[in-house]
Amino acid sequence: MKCPYCGAIDSKVIDSRPADDGERIRRRRECLSCQKRFTTYEVVETVPLVVMKKDRSREAFNRQKLLNGMMRACEKRPISYQVLETAVDNIEQKLLNSYEREIPTVYVGELAMQELETIDEVAYIRFASVYREYGDIDTFMNELNQMLNRRGAKDASSKDAGK
């Protein structure tokens, strides 16, 4: 860290402590050349996530928009707000961990459907019907049959594990 007094590059850290509720780290430093002390703050650098929509336009990832869509799918279902918050946290963490900065909305929607399928099957179907834009009843029935097959496979594997 460059000394603000003499411009020397070498300094040593004397004291470190969290600042701003752990969002930053405050460091007291001492210049090895002029022995003067100064304070620096260390902040995690975040790169914003950008979602690429179906029409190829781009916009910043909006966590609230995702949460609102999932809440609409869960209307009149016995699902707490906290459960949905946790699901959105999981999705956001997966997006951040992917190291991709431009995420297709298709991928975000698939992650949302994965979360909803584990939370509530009705909410999953509601979200999928809007998200996948089912054009006819046959396509909708295919989705229901796939879901029933997955559930049947899970039930069978849990019975086998119990033996």
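Preceding this paragraph is the structure being described.
Can you help me understand the packing of helix α3 (residues 105-119) against helix α4 (residues 121-131) in this one?
When two helices pack together, their arrangement is given by the angle between the helix axes and the distance between those axes. Where α3 meets α4, the axes come as close as 8 Å, and the angle between the chain directions of the two elements is 160 degrees. When the axis of α3 is compared with that of α4, the two are roughly antiparallel. As α3 runs across α4, the sense of the crossing is left-handed. Residue-level inspection shows T105, V106, Y107, G109, E110, A112, M113, L116 and E117 of α3 in contact with α4, the latter providing E121, A123, Y124, F127, A128 and Y131. Residue composition of the contact of α3 with α4, by class: 10 nonpolar, 2 polar and 3 charged.

How should the sheet that holds strand β5 (residues 58-60) be read in this particular structure?
Sheet strands pair via backbone hydrogen bonds, and the direction of the pair is either parallel or antiparallel. One open sheet holds the 3 strands; their spatial order is β5-β4-β6, and the pairing between them is mixed. Only two strands of the sheet have a single partner each, and these edge strands are β5 and β6 (102-104). Averaged over all pairs of adjacent strands, the angle between their axes in this sheet comes to 35 degrees, without regard to strand direction. Relative to β6, α3 is tilted by about 65 degrees, and along the sheet it contacts β4 (50-52) and β6.

Is there a simple way to think about the pairing of strand β3 (residues 37-43) in this case?
Where a strand is regular, its side chains alternate between the two sheet faces. Where strand β2 (residues 24-31) meets β3, 7 bridges bridge the pair, whose relative direction is antiparallel. Within β3, the residue paired with R27 across the bridge is T40. Hairpin connection of β2 to β3: 5 residues between the antiparallel strands, including Q35 at a positive phi of 60 degrees.

Sorry, what's going on with the state of the cysteines here?
For the coordinates displayed, the defined rule picks out 0 disulfides. Between C6, a cysteine without a disulfide, and C31, which holds the nearest cysteine sulfur, the sulfur-to-sulfur distance is 3.5 Å. Here C6 falls in the partly exposed class, since its relative accessible area comes to 42%.

Where do I start with the sheet that holds β2 in this structure?
Here we have 3 strands laid out as an open sheet, ordered β1-β2-β3, and antiparallel in their pairing. The open sheet is flanked by β1 (11-19) and β3, the only strands paired with a single partner. Taken pair by pair, the neighbouring strands of this sheet meet at an average axis angle of 25 degrees, ignoring direction.

Just to check I follow, could you spell out helix α1 (residues 63-73) for this structure?
Residues spaced three or four apart along an α-helix point in a common direction, a consequence of the helix completing one turn every 3.6 residues. The complete set of buried residues in α1 reads L66, L67, G69, M70 and A73. Relative to the axis of α1, the buried residues are bounded by an arc of 160 degrees and lie together on one face. Regarding α1, its N-cap is N62, as a side-chain oxygen of that residue lies 3.0 Å from the backbone nitrogen of Q64 further along.

Can you walk me through the packing of α1 against helix α2 (residues 81-97) in this structure?
Following both chains from N to C, one finds α1 and α2 inclined at 130 degrees, their axes separated by 10 Å at the closest point. Viewed along their axes, α1 and α2 adopt a mutual orientation that is oblique. The interaxial crossing formed by α1 with α2 has right-handed handedness. When α1 is examined against α2, the residues R63, L66, L67, M70 and M71 are found in contact with a partner set consisting of Y81, L84, E85, A87, V88, D89, I91 and E92. For the contact of α1 with α2, the class distribution of residues is 9 nonpolar, no polar and 4 charged.

About the criteria used
- Residues numbered from 1 in each chain as written.
- Predicted model: local features only at pLDDT ≥ 70, side-chain atom pairs only at ≥ 80, totals over all residues.
- Heavy atoms only, no water.
- Axes fitted to C-alpha atoms, helices over the stretch in contact; angles between N-to-C directions.
- Helix = DSSP H or I, 4+ residues; strand = E, 2+ residues; numbered from the N terminus.
- Parallel < 35°, antiparallel > 145°, perpendicular 65-115°, else oblique.
- Left-handed = near helix turned anticlockwise from the far one by under 90°.
- Contact = heavy atoms within 4.5 Å.
- Nonpolar A, V, L, I, M, F, W, Y, C, P; charged D, E, K, R; others polar.
- Pairing = 2+ DSSP bridges.
- Disulfide = S-S within 2.5 Å.
- Buried < 20%, exposed > 50% of the residue type's maximum accessible area, 1.4 Å probe, protein only.
- Arc of directions from axis to C-beta.
- Polar contact = N/O pair within 3.5 Å; in protein donor to acceptor, adjacent residues only side chain to side chain.

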